[in-house]
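Tertiary structure, described
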Amino acid sequence: MASALRRACNPRGLATAKRFPRSFASASPSWAEDDAAPSLTRLFNPTEDHAALREMVRAFTEREVEPQALAHNRTEAFNVPLFRKFGSADGGMGILGLTVPEEFGGTGLPDATAVSIVHEELSYSDPALCLSYLAHSILLANNLAVNGNDEQLARFLPGVCDGSQIGGMCMSEPNAGTDVLGMRTSAAYDAARDGYVLNGAKMWITNGTLTGKETGDLFLVYARTGSEKRTDLTQFIVEGGMEGFSVGQKIEDKLGMRASPTAELVFENVFLPASTHVVGEVNGATLCMMRNLEIERVALAAMAVGIARRSLDEMIAYASNRPAFGKPNLYGFGQIQKMITESYAEYMAGKCYLYGFANGLDLSTYGNGLDADGVKLYCAQMAKNVADRAIQVMGGYGYVGEYTVERLWRDAKLLEIGGGTNESHHKNMSRDLLRLDGNKLE
C-alpha cells in the first residue's frame, strides 16, 4: 500500500487501510471522474476511500466523542481511554499512525487529504481532543516516520500507533515561541559514552503530561547542538521515565482546548545514546521542523473548518426554531440572515482552500510554505469569526457551555497562535510572495 501512495504521478491514490472495511475501493479513478458526484464532493473526498474514511470518523465522533466533550472541557481532563481507541490495539480505529507505514504499525496513508478529513471530523465535536490527536499523530508519529531510521521506526512507532504510548513534540520554550531558532535547550556530545546530554526546558507541550505529575510516554525534542549557526539544531527521542526528564508544571486554566493537557517539560542532564536517540543528521533538524510544520498547519486549518461547520449547524438550528417578535423563528430577520450566509460563504471558501491545497500536497516534500501558512491564516480567523457570529445569533444561550458554541469560540482562538501565529504567517507569506517568479500569481 505504501508504495502505491508514494507514486509521484498520482500521490492521491489510496489503498485499503488495516482498520478500514476490506470492501473499500482502492484509489478508484471512477470516483474522481464520475459526473454524478458533484465537484465539491470530489474536492472534499477525492476517492471513495476518502469518503469512507470521513464516514468512519464521523460515525465514531458522533457515537464516542460528542457525548463526553462538554464534561471533559469543564473539568480540564484528558480522556485517555477514549484517546487510546484511536489506536490500532483492541479493535480500535487505527488512526494514531495514519501516515505511518504499515510495517511499523501504522495505517499507511501518507496523505494530506486523509489528515485533513480526520482533523475536520474530530474538531466538529471536540477540538481539544483533536489537538491532542494532532500532537501525537502528526508532530510525533508522522515526524518520526519521515525523519527517523528504520531501527527507530521499528522500536518506537508500534506503541505510538497502537495507543499504548502517548506523546508529542517539544519545540517552544519559555522564552522562544515564534522565534523558534532562538531556543536555548542544548545537547552536548559526551564522547566517552557516545551520546548527548540534554539540558533545558520546553513550554506549551501538548500531551506533556497525562496525569499532571508524570510526563507523557514519548517525545521528539529539538535542541541546540552547535554554535556556528542559529540553525544548528538536532532532533532527539526522549522517553518518559528517563533520568532527569520531568514535568515542570501542568498548565491550568487555559482559555480554550481545556481537555487537551499542556505542560512545561524539564530536561536535567538527560542522557541520550547517539546510536538510537538522534533523529536525522546532527545540526540538520531545521529541515525536519519546517517540513513537519507544513502538515501541522494543514491539520490546524482542518480543525478550523470543523469548528466553523459545527458553529454553522448550531446557529442555523437555533435560528430556525427560536420564535421572536411574533414570528415563528429568527430566520426571517435580515440581520440573522447576514450572519448565517456570510459565515457559510467564508466556511466554504476556507474548506475549498484547505482541500484544494491538501489534495496536491506530497508529505515527503518541503517548500510548500506559502499555502500551508495561507490556509491556516485564513481558516483560523474564519473559524473564530464564524463561532463569534454563532454566539451572537444565539444570544444568551450562545454564551453558556451547554450550547457548545462558546467552547468552539474559545478553542478557535488557539488556532491563531499555535503552530505559527497570524503574524508569523504574514511574515512568511510576504517573503514567499516576493520570491515568486516575475512577482506574478498564476
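Residues numbered from 1 in each chain as written. Predicted model: local features only at pLDDT ≥ 70, side-chain atom pairs only at ≥ 80, totals over all residues. Heavy atoms only, no water.

**Topic: the packing of helix H11 (residues 334-358) against helix H12 (residues 369-394)**
So the rule is basically this: Angles here are taken between N-to-C directions and fall from 0 to 180 degrees, while the axes themselves are lines fitted to C-alpha atoms, restricted in helices to the stretch in contact. The helix and strand labels rest on DSSP assignments: H or I over at least four residues marks a helix, E over at least two residues marks a strand, and numbering proceeds from the N terminus. Under this scheme an angle from 65 to 115 degrees is roughly perpendicular, one under 35 degrees roughly parallel, and one over 145 degrees roughly antiparallel; angles in between are oblique. For any pair of crossing helices, the crossing counts as left-handed if the nearer helix is rotated counterclockwise from the farther one by less than a right angle, and right-handed if it is rotated clockwise. Residues were grouped as follows: Ala, Val, Leu, Ile, Met, Phe, Trp, Tyr, Cys and Pro as nonpolar; Asp, Glu, Lys and Arg as charged; and all remaining residues, including Gly, as polar.
Orientation of H11 relative to H12, taken along the N-to-C sense of each, is 160 degrees, at an axis distance of 9 Å. In terms of their interaxial angle, H11 and H12 are classed as roughly antiparallel. Note that H11 runs across H12; the crossing there is left-handed. Of the residues contributing to the contact of H11 with H12, the split by class is 15 nonpolar, five polar and four charged.

**Describing helix H7 (residues 127-147)**
The criterion, for reference: The reported bend at a residue is simply the angle between two axes, fitted to the 7 residues ending at it and to the 7 residues beginning with it. Accessibility here uses a 1.4 Å probe with only protein chains present; expressed as a share of the type maximum, an area under 20% marks a residue as buried, one over 50% as exposed, and anything in between as partly exposed.
In the structure, H7 departs most strongly from a straight axis at Leu134, where the bend amounts to approximately 25 degrees. With 20 of 21 residues buried, H7 is to be regarded as a mostly interior element.

**Points about the packing of helix H10 (residues 285-321) against H11**
Pairs of packed helices are described in terms of their axes, by the angle between the two and the distance that separates them. Where we set the bar: Two residues form a contact once any of their heavy atoms are found within 4.5 Å.
Contact geometry of H10 with H11 gives a least axis separation of 10 Å together with a crossing angle of 155 degrees. Taken as axis vectors, H10 and H11 run roughly antiparallel relative to one another. The two elements H10 and H11 meet at a crossing, and its hand is left-handed. Of the residues in H11, those in contact with Val298, Ala301, Ala302, Val305, Ala308, Arg309, Leu312, Met315, Ile316 and Ala319 of H10 are Ile336, Met339, Ile340, Ser343, Tyr344, Tyr347, Gly350, Lys351, Leu354, Phe357 and Ala358. Broken down by class, the residue content of the contact of H10 with H11 amounts to 17 nonpolar, two polar and two charged.

**Observations concerning the nonpolar core**
Worth spelling out the cut-off: What is meant by a nonpolar core is a set of buried Ala, Val, Leu, Ile, Met, Phe, Trp, Tyr and Cys residues, joined one to another through side-chain atoms within 4.5 Å.
Formed by 103 residues in total, the largest nonpolar core has its most connected members in Phe86, Tyr133 and Leu157. The leading source of residues in this core is H10, at 19 residues. Excluding residues that lie within four positions of it along the chain, Tyr133 makes contacts with Phe83, Phe86, Ile95, Leu96, Leu98, Val118, His119, Leu122 and Ile138. Membership of the second largest hydrophobic core comes to 19 residues, among which are Ala187, Ala223, Phe245 and Leu265.

**Let's talk about the environment of Met93**
By the element assignment, Met93 lies in the loop between helix H5 (80-84) and helix H6 (112-125). Classification of Met93 as buried rests on a relative accessible area of 8%. Between the alpha carbons of Met93 and Phe60 there is a distance of 8.6 Å; along the sequence they are 33 residues apart.

**Focus on the pairing of strand S2 (residues 186-190)**
Threshold: Strand pairing is assigned whenever DSSP detects at least two bridges linking the two strands.
Pairing analysis gives five bridges linking S2 to strand S3 (residues 195-206), with the strands arranged antiparallel. Bridge assignment links Ser186 to a residue of S3, and that residue is Asn199.

**Some words on unusual backbone geometry**
In this structure, Glu76 takes a positive phi of about 55 degrees despite not being glycine. Of the residues examined, Glu76 reaches a relative accessible area of 16% and is grouped as buried. The residue Phe325 is not glycine, and still its phi comes out positive at about 55 degrees. Within the secondary structure, Phe325 is located in the loop between H10 and H11.

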